[in-house]
Amino acid sequence: MRFEGKVALVTAAAQGIGAAVARRLADEGASVVVTDLQEDKLGEVAAGIGARALPLRVDVTSRDDVDAAVAAAVERFGRLDVVVNNAGGCIVQSAPEDTTDDDWRAQLDLTLVGASRCIQAALPELVKNRGNVVTISSVNGLAAFGNIEYSAAKAGQIAMTVNYAARYGSLGVRFNVVAPGTIRTPNWDNQPDTLERLSKMYPLGRIGEPEDIAAAVAFLASDDAAWITGHTLPVEGGVLTGPTVLNPALSKKEYPGH
Ligand SMILES: NC(=O)c1ccc[n+]([C@@H]2O[C@H](COP(=O)([O-])OP(=O)(O)OC[C@H]3O[C@@H](n4cnc5c(N)ncnc54)[C@H](O)[C@@H]3O)[C@@H](O)[C@H]2O)c1
């Protein structure tokens with residue numbers, strides 16, 4: 001019950017990673033403001049949590065929405081301690097040479113400026129309560145896995161976090177990042193073959209589940225991480241260790257029967 005008496009706000013919490021994070025924080029005692037564009041699905045997540053959930057329609061590209069969400073959190077629960085910046089999927093599908101300035105703006109506005117808006121709105125509460133922010137970036141922010149615009153926005157979240165951590169550390173506010181590898185969420189619903197192919201890249205032999213990310217977020221957001229700020233925690237089944245094609249052969253030689 002690491003979050004008893006604490007209040008968290010999670011963006012894009014109607015499904016996937018955001019929903020798992022909201023449930024995990026609530027399971028550990030938090031009151032949770034669950035926000036997303038999809039009101040029906042948000043209602044289901046909130047119903048599963050019960051009286052300690054406040055579902056709100058929030059578009060992170062709208063400063064008014066984000067400001068209103070922070071105000072609603074304080075009005076309903078009296079405080080705000082944790083912000084989880086989870087909104088930020090890949091929205092540009094064109095080849096990089098065809099990407100327009102508007103495509104770039106849209107990707108950055110959702111992923112990078114969206115996270116910044118939430119931090120800006122929550123800062124007074126976070127300073128008051130010595131709170132913290134966990135932003136969901138991606139392994140794409142750390143190495144080349146494809147999609148230039150998405151990856152640049154995810155790397156931007158990491159740079160933003162380091163700078164916020166340095167600037168507000170003396171006030172007791174922490175900022176960290178979780179960088180997931182491939183996670184089984186509705187984002188992949190139409191691509192089961194891709195997921196199967198990707199799972200073979202992972203030394204731990206599987207892709208991740210939303211709960212794998214929720215566990216890492218809960219750690220970083222809790223007092224167990226009281227002296228950790230400005231860091232990026234990859235949660236990625238070992239995919240950042242490098243190309244894995246040779247590993248199974250090596251294992252067989254050194255560990256017969258593996
Ligand atoms: N799933 C993965 O493999 C994976 C891997 C690495 C990083 N991530 C990151 O994790 C986060 C969550 O990914 P997911 O796969 O769980 O998401 P998802 O695709 O399953 O769901 C995305 C959610 O974001 C909401 N959303 C979209 N635009 C929004 C906006 N403007 N404001 C508020 N909400 C909005 C949608 O309504 C939806 O509920 C994203 O930042 C993503 O980049 C995901």
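Residues numbered from 1 in each chain as written. Predicted model: local features only at pLDDT ≥ 70, side-chain atom pairs only at ≥ 80, totals over all residues. Heavy atoms only, no water.

1. Points about the overall build of the chain
For the chain, the helix and strand inventory stands at 8 helices and 7 strands. Relative to the compact-globule value of 18 Å for 258 residues, the chain shows a C-alpha radius of gyration of 18 Å, a close match. Burial status across the chain gives 49% buried among its 258 residues. Roughly 12,600 Å² of accessible area belongs to the chain as shown, and the carbon and sulfur atoms make up 53% of that amount. Positive and negative side-chain charges in the chain, numbering 23 and 31 respectively, have mean positions lying 6 Å apart. (Helix = DSSP H or I, 4+ residues; strand = E, 2+ residues; numbered from the N terminus. Rg over C-alpha atoms; globule rule 2.2 N^0.38 Å. Buried < 20%, exposed > 50% of the residue type's maximum accessible area, 1.4 Å probe, protein only. Areas by Shrake-Rupley, 256 points an atom, 1.4 Å probe, with all protein chains shown as cover. Lys, Arg positive; Asp, Glu negative; His and termini not counted. Charge placed at Lys NZ, Arg CZ, Asp CG, Glu CD.)

2. Thoughts on helix α7 (residues 210-221)
Here α7 spans 16 Å end to end across 12 residues, near enough to the 16 Å set by a 1.5 Å rise per residue. Residues of α7 that are buried include every one of Pro210, Ile213, Ala214, Ala216, Val217, Ala218, Leu220 and Ala221, and no others. (Expected span 1.5 Å × (residues − 1).)

3. Things to note about unusual backbone geometry
Its identity as a non-glycine residue notwithstanding, alanine 12 has a phi of 50°, on the positive side. Mapped onto the elements, alanine 12 comes out in the loop between β1 (7-10) and α1 (16-27). Given a relative accessible area of 24%, alanine 12 falls into the partly exposed group.

4. Section: the packing of aromatic side chains
Following the criterion strictly, the structure yields 3 aromatic pairs and no others. Ring centres 6.3 Å apart and planes at 50° place the aromatic pair tyrosine 168 and phenylalanine 175 in the tilted group. Among the residues examined, tyrosine 168 registers a relative accessible area of 17% and is labelled buried. Judged by its relative accessible area of 1%, phenylalanine 175 falls in the buried class. (Phe/Tyr/Trp six-rings, centres within 6.5 Å; stacked < 30°, edge-to-face > 60°.)

5. Brief notes about the site of the ligand
Taken together, 29 residues sit near the ligand, with Gln15, Asp36, Asn86, Tyr150 and Thr185 positioned nearest. Note that an oxygen atom of the ligand is positioned 2.9 Å from one of the side-chain N or O atoms of lysine 154. Within the side chain of threonine 185, one N or O atom sits 2.6 Å away from an oxygen atom of the ligand. Here the ligand, which alone exposes 830 Å², has 86% of that area covered by the protein. Those elements giving two or more residues to the shell around the ligand turn out to be α1 and α5 (148-168). (Near = heavy atom within 4 Å. Polar contact = N/O pair within 3.5 Å; in protein donor to acceptor, adjacent residues only side chain to side chain.)

6. Here's the deal with the UniProt feature "domain: Ketoreductase" (unreviewed entry) in the chain
The feature "domain: Ketoreductase" (unreviewed entry), as annotated in UniProt, sits at residues 6-191 in this numbering. Structurally, residues 6-191 comprises 47% helix and 17% strand, and the distance from its first C-alpha atom to its last is 38 Å. (UniProt positions renumbered as here; feature names shortened; annotations may be inferred.)

7. Some remarks on the pattern of salt bridges
Taken as a whole and assessed by the stated rule, the structure comprises 11 salt bridges. In this structure, arginine 117 engages aspartate 109 in a salt bridge whose closest nitrogen and oxygen atoms are separated by 2.5 Å. Since its relative accessible area comes to 9%, arginine 117 is described here as buried. Among the residues examined, aspartate 109 registers a relative accessible area of 24% and is labelled partly exposed. Glutamate 125 serves as the salt-bridge partner of lysine 128, at 2.8 Å between the closest nitrogen and oxygen. Here glutamate 125 and lysine 128 lie together in helix α4 (residues 101-129), a separation of 3 residues that amounts to about one turn. Relative accessible area serves as the criterion here: at 9%, glutamate 125 is assigned to the buried category. In this structure, a network of salt bridges that share partners links the residues Arg2, Arg24, Glu28 and Asp224. (Salt bridge = Lys/Arg side-chain N within 4 Å of Asp/Glu carboxyl O.)

8. A few points about a nonpolar patch on the surface
On the surface, Leu142, Phe145 and Leu240 cluster together to form a nonpolar patch covering roughly 220 Å² of accessible area. By the element assignment, leucine 142 lies in the loop between β5 (132-136) and α5. Overall, leucine 142 belongs to the partly exposed group, its relative accessible area being 41%. (Patch = residues over 30% accessible without salt bridge, like charges linked within 9 Å, V, L, I, M, F, W, Y side chains within 5 Å.)

9. What to know about the environment of alanine 121
Looking at the element boundaries, alanine 121 is found in helix α4. Taking the C-alpha atoms as reference points, alanine 121 and alanine 71, 50 residues apart in sequence, are found 8.9 Å from one another.

10. Some details on the environment of threonine 182
As for its position among the elements, threonine 182 is in the loop between β6 (174-180) and α6 (192-199). Residue classification places threonine 182 among the buried positions, given a relative accessible area of 11%.

11. Observations regarding the sheet that holds β6
The parallel open sheet is built from 7 strands, whose spatial order is β3-β2-β1-β4-β5-β6-β7. Where the open sheet ends on each side, the last strands, each with one partner, are β3 (53-57) and β7 (232-235). Across the sheet, the mean angle separating the axes of adjacent strands is 15° when strand polarity is ignored. Here β6 runs beside β7; their pairing, made up of 4 bridges, is parallel. In the sheet register, valine 178 faces β7, and the bridge partner there is leucine 233. Contacts from α4 reach β4 (82-85), β5 and β6, with the element oriented near 175° to β4. (Pairing = 2+ DSSP bridges. Axes fitted to C-alpha atoms, helices over the stretch in contact; angles between N-to-C directions. Contact = heavy atoms within 4.5 Å.)

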